[in-house]
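# Structural overview
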Amino acid sequence: MAAAALVPYGSAATTVRVHPLVIFNICDCYVRRPDQADRVIGTLLGSVLADGTVDVRNSYAVPHNEFSDQVALDIEYHHNMLMSHQKVNPKEVIVGWYSTGFGVTGGSALIHEFYSREASNPVHLTVDTTFRNGETTIKAFVSVNLSLGDQQLAARFQEAPVETKMAEAERIGYDLLKSTVADKIPSDLEGMEGSMEKLLTLIDDVYKYVHDVVEKRVVPDNNIGRFIAETLSSLPKMSPVAFDKLVNDNLQDQLLLLYLSSIIRTQLSLAEKLNTAAQVI
């Protein structure tokens, strides 16, 4: 009976960590794709951590043409882009490739075979740029060899878990990207307001969970309890009056910066108009 022989980081336990810059790059390349192209293909750069996690930190698109079951990549362009990236950050190496769309397609095996010669056990990342239901589907696949005894029969794609960790500023941009249509980019105050609303929602969820555990309506989870305890212990110990003063001082500083930036923009606009008027006279 055929058995699956898993390669070092091409296993189901492999975790692929995707930085938000990669998602933004892929979406930007998809928007700028040629009119006749249905999807975008590109190279993933990053490193493999000591625990086997594939850390994807950067990416770039590679021009290609697809004809039924055949795929033609611009290999020279790919190598030139790789050399340019490694001049800036030599620690970033090829860890795989990406394509837009939902899941693996017919030509994915051919492209994966090419990247298998560029890197050891590459990962294949698929990003659904249509943002169905306001969410993007990001999947990662690794190649798993199917063998019978010592004879290798074939290879198949096996899905691997994906992590996307973002800072709060990156999360705001990502949420704006998911909306697909936006009237304007939110200001700093609007971004802060959205973050505070999410924080209040999370606090309400934690409060409800703790209350249900105390009332024995929910089975307690030690991991969740430990995480809540660590979060609370990390908070600074200060009185409510001191906390309110700290928040208000920071808010006043931000308002002052916004006011000063508005004055600078107004002065620059007036100077530009005066300079234009002087040239006309």
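Everything numeric here is computed off the predicted structure, so don't read it as measured data.

With that settled, consider the overall build of the protein. Counting secondary structure elements, the protein contains seven helices and eleven strands. For the protein, the residues scored as buried account for 28% of the 281 residues in total. Partitioning the contacts of the protein with sequence separation of at least 6, the portion at a separation of at least 24 is 61%. If you sum the accessible surface of the protein, you get close to 18,700 Å²; carbon and sulfur atoms cover 58% of it.

Before going further, it helps to spend a moment on the pairing of strand β4 (residues 54-61). Burial analysis of β4 places six of its eight residues in the buried class, which makes it a mostly covered element. Pairing of strand β2 (residues 16-18) with β4 involves three bridges; the strand directions are parallel. Bridging across to β4, V16 finds its partner in V54. Sheet topology places strand β3 (residues 41-48) next to β4; seven bridges connect them, and they run antiparallel. Counterpart to S47 in the pairing with β4 is D55. Joining the antiparallel neighbours β3 and β4 is a turn of five residues, in which G52 adopts a positive phi near 95 degrees.

The share of residues in the protein with pLDDT of 70 or more is 82%, and the mean pLDDT across the chain is 80. In the predicted structure, residues 1-12 sits below a pLDDT of 50 and forms 38 contacts with residues beyond four places in sequence or in another chain.

Below, the discussion takes up unusual backbone geometry. Located in the positive-phi region is N121, a residue other than glycine, with phi close to 50 degrees. Tracing the sequence through the fold places N121 in the loop between α3 (108-118) and β8 (123-127). Looking at N121, the relative accessible area reads 21%, which means it is partly exposed. The residue K216 is not glycine, and still its phi comes out positive at about 60 degrees. Relative to the assigned elements, K216 resides in the loop between α5 (188-214) and α6 (222-233). The exposure class assigned to K216 is exposed, which follows from its relative accessible area of 75%.

If you walk through the whole model with that rule in mind, you get three aromatic pairs. When the ring of W97 is compared with that of Y115, the centres are 6.1 Å apart and the planes differ by 10 degrees; the resulting orientation is stacked. Linking W97 in strand β7 (residues 93-100) with Y115 in helix α3, this pair joins segments that are 18 residues apart in sequence. For the residue pair W97 and Y115, the accessibility class agrees, reading buried in each case. Cluster of aromatic residues (ring-pair linked, three or more members): W97, F114 and Y115. The ring of Y30 is capped by R33, whose NZ or CZ atom sits 4.0 Å from the centre of that ring.

Turning our attention to α6. Under the 1.5 Å per step criterion, the end-to-end length of α6 is 16 Å for twelve residues, consistent within 8% with the ideal 16 Å. Its side-chain oxygen at 2.9 Å from the backbone nitrogen of N223, D221 defines the N-terminal cap of α6.

By the element assignment, T15 lies in the loop between β1 (3-5) and β2. Classification of T15 by relative accessible area gives buried; the value is 17%. The sequence separation of T15 and T53 amounts to 38 residues, and the corresponding C-alpha distance is 5.0 Å. If we skip the residues at most four places from it in the chain, T15 touches T53, V54, P161 and E163.

As a further point, take helix α2 (residues 75-88). Under the 1.5 Å per step criterion, the end-to-end length of α2 is 21 Å for 14 residues, consistent within 8% with the ideal 20 Å. The set of residues buried in α2 consists of H78, L82 and H85. Angularly, the buried residues of α2 cover 70 degrees about the axis, an arc narrow enough to put them on a single face. Opposite the buried face of α2, at more than 90 degrees from it, the exposed residues are E76, M83 and K87. Against β3, β4, β7 and α3 lie the buried residues of α2.

A few words on the nonpolar core. In summary, soluble globular proteins display a tendency toward joint burial of nonpolar side chains. Residues V16, I23, L44, V56 and L125 are the most contacted members of the largest nonpolar core, which totals 24 residues. At five residues, the largest contribution of residues to this core is made by helix α1 (residues 20-31). I23 has contacts with V18, I138, T164, M166 and Y174, leaving out every residue within four places of it along the chain. Core analysis: the second largest hydrophobic core is formed by twelve residues, I41, L45, L73 and A119 among them.

Cut-offs applied
- The written sequence of each chain sets the order in which its residues are numbered from 1.
- Since the coordinates come from a predicted model, pLDDT governs what is reported: local features require at least 70, and pairs of side-chain atoms require 80 or more to be given and counted, while whole-chain, interface and lining totals use all residues.
- Each side-chain value is derived from all of the structure's non-hydrogen atoms; neither hydrogens nor water enter the calculation.
- Starting at the N terminus, helices and strands are each numbered in turn, a helix being any DSSP run of H or I of at least four residues and a strand any DSSP run of E of at least two.
- Remark: exposure states derive from per-residue accessible area (1.4 Å probe, protein chains only) relative to the maximum for the residue type, with buried under 20%, exposed over 50%, and partly exposed in between.
- Residues count as neighbours in contact if any of their non-hydrogen atoms are within 4.5 Å of one another.
- Methods summary: accessible areas were calculated by the Shrake-Rupley approach with a probe of 1.4 Å, and residue burial reflects only the protein chains presented.
- The rule for pairing is simple: two strands pair if DSSP sees at least two bridges between them.
- A score from 0 to 100, pLDDT tells how confident the predictor is in each residue.
- Think of it this way: a Phe, Tyr or Trp ring, Trp meaning its six-membered ring, pairs with another when their centres are within 6.5 Å, and the plane angle makes it stacked under 30 degrees, edge-to-face over 60, tilted otherwise.
- Charge-over-ring placement is defined geometrically: NZ (Lys) or CZ (Arg) within 6 Å of the ring centre, and within 35 degrees of the ring normal.
- Each residue after the first adds 1.5 Å to the expected span of a helix.
- Counting of polar contacts relies on pairs of N or O atoms within 3.5 Å, with two restrictions inside protein: one atom must be capable of donating a hydrogen and the other of accepting it, and residues adjacent in sequence are counted only when both atoms are side-chain atoms.
- The arc under discussion is defined with respect to the helix axis, by the directions toward the C-beta atoms.
- Only buried residues count toward a nonpolar core. Its members are Ala, Val, Leu, Ile, Met, Phe, Trp, Tyr and Cys residues joined through side-chain atoms within 4.5 Å.

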